[in-house]
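These are the residues of each chain, in order.
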Amino acid sequence: MSTYEPFVSEQTSQRVAVYPGTFDPITMGHLDIIHRALNLFDRLIIAIAKNPAKEPLFTLEERIAMIRASFPAKEKRIEVDMVSGLLVDYAYKRGAKAIIRGLRAVSDFDYEFQLALMNRRIEREVETVFLMTGFRWIYISSSIIKDAARHGGDVSGLVPDHVCEKLRERFMRP
Ligand code: COA
């Protein structure tokens, strides 16, 4: 008979988490998750990762700059980086114990479940932690914000002011 052996990590270092995403662009919903994650972890690495299904509007450099500008320079617990290759490998190498993902609605669940289980299969020392997005941000996504901005819709309050400005510049009509 096989016995159940719970997996216990022996790492005892600082609690580091990785928050991956496309961040095209960062929204108030992402910021909400970041603040919640900072209540649980000592350090948070915001990692811009490649989703093969997406063709971003903003370059990697622009996305990094927009994320950095969303925090005061004195916020030393946050790092912004990019990931190429497998996310869990990156997380493991960076000493992260967890990958943070935000959940907005039931519709997020299927994909997130698959992602988390595949990540665990590849690297079981890294857990996925799901955080509930604040109620106010449950309906937003980067795509819907870009779509509204593209057609001249007002997206202020849904993204940081500097991101709003970037979207305005990008979609400004001649
Ligand atoms: N508030 C607002 N929007 C939110 C949100 C929140 N709290 N949480 C998620 N979203 C939105 C995002 O804006 C994004 O919207 P979009 O689809 O319109 O761009 C969407 O929900 C989810 O995107 P995001 O969280 O950015 O993740 P993603 O699906 O683009 O990224 C990766 C998935 C990058 C994490 C995944 O592809 C990955 O791990 N890639 C690395 C390679 C790898 O390891 N692959 C193997 C995976 S098993």
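Given the structure is predicted, the values throughout are model-derived calculations rather than measurements. (Residues numbered from 1 in each chain as written. Predicted model: local features only at pLDDT ≥ 70, side-chain atom pairs only at ≥ 80, totals over all residues. Heavy atoms only, no water.)

Chemist: Summarise the pairing of strand E1 (residues 16-21); cite the residues concerned and give the values.
Modeler: Of all six residues that make up E1, six are buried, and the element is covered over most of its length. Residues Val16, Val18 and Pro20 of E1 are buried on one face, and the alternating residues Ala17, Tyr19 and Gly21, pointing to the opposite face, are buried as well. Taken together, the six bridges between E1 and strand E2 (residues 43-48) define a ladder with parallel strand orientation. Opposite Gly21, over in E2, you have Ile48 as the bridge partner. Handedness of the β-α-β unit built from E1, helix H1 (residues 28-38) and E2 comes out right-handed. (Buried < 20%, exposed > 50% of the residue type's maximum accessible area, 1.4 Å probe, protein only. Helix = DSSP H or I, 4+ residues; strand = E, 2+ residues; numbered from the N terminus. Pairing = 2+ DSSP bridges. Right-handed = clockwise from strand over helix to strand, strands pointing away.)

Chemist: Mind laying out the site of the ligand, listing which residues take part and the relevant values?
Modeler: The environment of the ligand is formed by 25 residues, the closest being Thr22, Lys54, Leu87, Ser142 and Ser143. Take Gly29: an N or O atom from its main chain is 3.2 Å from a nitrogen atom of the ligand. Residue Ile140 places a main-chain N or O atom 3.3 Å away from a nitrogen atom belonging to the ligand. Its free accessible area being 930 Å², the ligand has 86% of it covered by the protein chains. (Near = heavy atom within 4 Å. Polar contact = N/O pair within 3.5 Å; in protein donor to acceptor, adjacent residues only side chain to side chain. Areas by Shrake-Rupley, 256 points an atom, 1.4 Å probe, with all protein chains shown as cover.)

Chemist: Now, about unusual backbone geometry: what can you tell me, with residues and values included?
Modeler: The residue after Asp24, namely Pro25, is reached through a cis peptide bond having omega 0°. Relative to the helices and strands, Pro25 is located in the loop between E1 and H1. Positive phi, close to 50°, is recorded for Phe23, a residue that is not glycine.

Chemist: Can you break down empty space enclosed by the protein residue by residue, with the values?
Modeler: Evaluated as defined, the whole model comprises one cavity of 30 Å³ or more. Here the largest cavity is characterised by a volume of approximately 30 Å³. Lining the largest cavity we find Ile99, Arg101, Leu115, Ala116, Asn119 and Thr128. Of all the secondary-structure elements, those providing two or more residues to the lining of the largest cavity are strand E4 (98-103) and helix H4 (106-122). When residues of the lining of the largest cavity are assigned to their parent elements, the largest contribution, three residues, is made by H4. (1 Å grid on protein atoms, 1.4 Å probe; cavity = no way out; pocket = protein on both sides within 12 Å on 5 of 7 lines; lining within 4 Å. Points joined across faces, edges and corners; volume = space filled by probe spheres on them.)

Chemist: Outline the nonpolar core, supporting the account with residue identities and numerical values.
Modeler: Within soluble globular proteins, side chains that are nonpolar generally end up buried alongside one another. Judged by nonpolar contacts, the single largest core of 34 residues is most densely connected at Ile26, Ile34, Leu44, Ile46, Ile67, Ile100 and Leu167. Of all the secondary-structure elements, those providing two or more residues to this core are E1, H1, E2, helix H2 (60-68), strand E3 (78-82), E4, helix H5 (142-150) and helix H6 (161-171). Sorting elements by how many residues they give to this core places H1 first, with five residues. Ignoring any residue separated from it by four or fewer positions in sequence, one finds Leu44 in contact with Ala17, Val18, Tyr19, Ile34, Ala37, Leu38, Arg77, Ile78, Glu79 and Ile100. (Core = buried A, V, L, I, M, F, W, Y, C linked by side-chain atoms within 4.5 Å. Contact = heavy atoms within 4.5 Å.)

Chemist: Which residues make up the layout of surface pockets, and what are the values?
Modeler: The computed volume of the largest pocket comes to approximately 1100 Å³. Gly21, Thr22, Asn51, Lys54 and Arg101 are the residues nearest the centre of the largest pocket, which is lined by 43 residues in total. Put simply, the parts of the chain that give the lining of the largest pocket at least two residues each are E1, H1, E4, H4 and H5. The leading source of residues in the lining of the largest pocket is H4, at seven residues. A class-by-class count of the residues in the lining of the largest pocket yields 18 nonpolar, 14 polar and eleven charged. Considered as a void within the structure, the second largest pocket measures approximately 170 Å³ in volume. Lining of the second largest pocket is provided by twelve residues; of these, Ala149, Gly152, Gly153, Leu167 and Arg168 occupy positions nearest its centre. Of all the elements in the fold, those that place two or more residues in the lining of the second largest pocket are H5 and H6. Among the elements that make up the lining of the second largest pocket, the one with the highest residue count is H6 (four residues). (Nonpolar A, V, L, I, M, F, W, Y, C, P; charged D, E, K, R; others polar.)

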